[in-house]
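Residue strings, one per chain:
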Amino acid sequence: MALPACAVRTLGPPLQPERGAPARTTCPRRHSRVEAELAVSRPGSVAASVCAGPPRGVSHGFHSQPLLDEPLKASSSLAGAARAPLFALLSRGRRRRMHDLRRRWDLGSLCRALLTRGLAALGHSLKHVLSAIFSKIFGPLASVGNMDEKSNKLLLALVMLFLFAVIVLQYVCPGTECQLLRLQAFSSPVPDPYRSEDESSARFVPRYNFTRGDLLRKVDFDIKGDDLIVFLHIQKTGGTTFGRHLVRNIQLEQPCECRVGQKKCTCHRPGKRETWLFSRFSTGWSCGLHADWTELTSCVPAVVDGKRDARLRPSRWRIFQILDAASKDRRGSPNTNPGANSPSSTKARNTSKSGKNFHYITILRDPVSRYLSEWRHVQRGATWKASLHVCDGRPPTSEELPSCYTGDDWSGCPLKEFMDCPYNLANNRQVRMLSDLTLVGCYNLSVMPEKQRNKVLLESAKSNLKHMAFFGLTEFQRKTQYLFEKTFNMNFISPFTQYNTTRASSVEINEEIQKRIEGLNFLDMELYSYAKDLFLQRYQFMRQKEHQEARRKRQEQRKFLKGRFLQTHFQSQGQGQGQNPSQNPSQNPNLNANQNLTQNLTQNLTQSSSQRENQESQKQNPGQEQSDGSTTNGTNDYLGSVEKWR
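The rules behind these values
- Residues numbered from 1 in each chain as written.
- Predicted model: local features only at pLDDT ≥ 70, side-chain atom pairs only at ≥ 80, totals over all residues.
- Heavy atoms only, no water.
- UniProt positions renumbered as here; feature names shortened; annotations may be inferred.
- Axes fitted to C-alpha atoms, helices over the stretch in contact; angles between N-to-C directions.
- Helix = DSSP H or I, 4+ residues; strand = E, 2+ residues; numbered from the N terminus.
- Parallel < 35°, antiparallel > 145°, perpendicular 65-115°, else oblique.
- Contact = heavy atoms within 4.5 Å.
- Nonpolar A, V, L, I, M, F, W, Y, C, P; charged D, E, K, R; others polar.
- Phe/Tyr/Trp six-rings, centres within 6.5 Å; stacked < 30°, edge-to-face > 60°.
- Buried < 20%, exposed > 50% of the residue type's maximum accessible area, 1.4 Å probe, protein only.
- Lys NZ or Arg CZ within 6 Å of the ring centre and 35° of its normal.

The name that an unreviewed UniProt entry assigns to the chain is Heparan-sulfate 6-O-sulfotransferase, with the source organism given as Daubentonia madagascariensis. Under Sequence similarities (unreviewed entry), UniProt gives the following word-for-word description of the chain: "Belongs to the sulfotransferase 6 family." Here the chain is described in UniProt, under the heading Catalytic activity (unreviewed entry), as follows: "alpha-D-glucosaminyl-[heparan sulfate](n) + 3'-phosphoadenylyl sulfate = 6-sulfo-alpha-D-glucosaminyl-[heparan sulfate](n) + adenosine 3',5'-bisphosphate + H(+)".

Next up, the structure:
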């Protein structure tokens, strides 16, 4: 079969290859019979490019003459040069790149044509398949075979959309366990705000063994009664932020009144003019600036008993009188042993003569970060000269507690000078402020050897910390909030914020300086390790207890609903039997048994509901601990009735 005239006119005589170049055949696309026929029949198709030539910017071929779209004008001086092999003038690399470009263009056109024809064939086949299915299902009502072109396009679009969705689903969710296929995927899961807030490992391995009484902290705090929260504020532990949360961020029946421009807020009990909070932002430094455990346990009961109105702050002379009287009472009381550090003695100090209950709380921090933060604070001019350091009714002398600087302050102090002072109170500050200093002779270092003194102070600080109503850690803000809410049954309005970038974190120290700081605060390091272990164990214990309570409530709810269903079922059966009085009861021996079981279920449900109300009324007093696995007699009878019915 002869080629079209267009193809014969443009081909011309074949060119000879260059000398040294490999022999090759003529381009098969030019001599293709099918493409030539397609070019004649459909000039706008892909195969028409045989006559029309490649697109703009693409060469005509490799070692071949250019294809002419139209005859050149005779007046053109380049008419003879246009028919010359222009590729011979280019370099071999340039010609190879032009040839690769044209080959890629040919492959792209072929792929597009195949894809178009394949999709058309697939749509045609699907149309026949669907028409056969619809004809089988709907019979003569379905006339899919006579659908117009618009319906065919819509059907094809729906099928393609379904296939695309299946492909995407398999790509996103490989395997059988896909979260998108579960019901929980439709509700956005709430992330746990208490997990990995300090970038620590999720698994916690406890180091110390604590009893259930040490882990369970549930204070029956009566804000309308005589209970009082006493906040022991240790320097540079984040106590200022936590103190503001106590007066500004707690949901109360009568919130604290905080005025603009004033640091202190008025935190009165509902219906009374008495405070429920003893802290810096409620009563001020009533027992001295940053009073420690020894000062607070002696001063707070005397202040509360002596002055019921918390708005009247005692003077410095009055504070010395109160502390002196408290120390005399402690020495003269036959039942009080200053060396005893048992929970009973600690509990005795937590009550006053007027019957008020004192719940001590505090915040701890990593010793190295706290030490660096205090150094930066001292560099800015802080001295805490107003601290009384009263112990055993008197402040320390200048020989017992020398000063590390001679001027008004220690501003601009370098870190080396700050660490070199042997009388610096920043060393092991947390242990000193949490221990009972009367056990070691206060600030008199000659009472006992240093090793024995450190051991007594550390054990006293651990015991006081363990028997406190609550303590938190600066590095775990959200867990601190959670434990406080569970301990006192008081909720905060807004969640705590974890600040990992502080002034201490901006100080760059090498490993040698860090080891020296840890050596200067070796007691604080051991206390913080103990406190962190106890804190995380309490958190895990409270979380597990919360999950158990929620599981128990769900089980009770399911049991109650199941009992209601059984009761309704038996009542409906009884009504059906009552509507047919002609039937002899002896013919249905299960009637009496069903009626008796219905009466037993009704009585048991009534008893269980009443006992559940009693339990809810008792839960208002969270100080009374109840066993998680205990059940009432009514619930046991009810379960026995259900098993009997089964």
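Continuing now.
Colleague: Pulling in residues and values, what's your account of the packing of helix α12 (residues 367–379) against helix α17 (residues 511–520)?
Modeller: Helix packing geometry: the angle between the two helix axes and the distance between the axes. The contact between α12 and α17 brings their axes to 10 Å, and the two run at 95 degrees. By the angle class used here, α12 and α17 are roughly perpendicular. Mapping the contact onto sequence places V368, Y371 and L372 in α12 and Q514, I517, E518 and L520 in α17. Looking at the contact of α12 with α17 residue by residue, the classes come out as 5 nonpolar, 1 polar and 1 charged.

Colleague: I'd like a description of the packing of aromatic side chains, backed by residues and values.
Modeller: Taken as a whole and judged by the stated rule, the model has 20 aromatic pairs. A centroid spacing of 5.9 Å and a plane angle of 85 degrees characterise the contact between F242 and F484, whose relative ring orientation is edge-to-face. In this pair, F242 sits in helix α8 (residues 239–248) while F484 sits in helix α16 (residues 477–488), placing the two residues 242 residues apart along the sequence. Residue classification places F242 among the buried positions, given a relative accessible area of 4%. In textbook terms, an aromatic cluster arises when at least three aromatic residues are bridged by ring pairs, as seen for F221, F231, F242, W276, F470, F484, F488, F492 and F496. When the ring centre of Y539 is taken as origin, the NZ or CZ atom of K479, which lies over that ring, is 5.3 Å away. Directly above the aromatic system of Y482 lies the positively charged group of R543, at a separation of 5.5 Å from the ring centroid.

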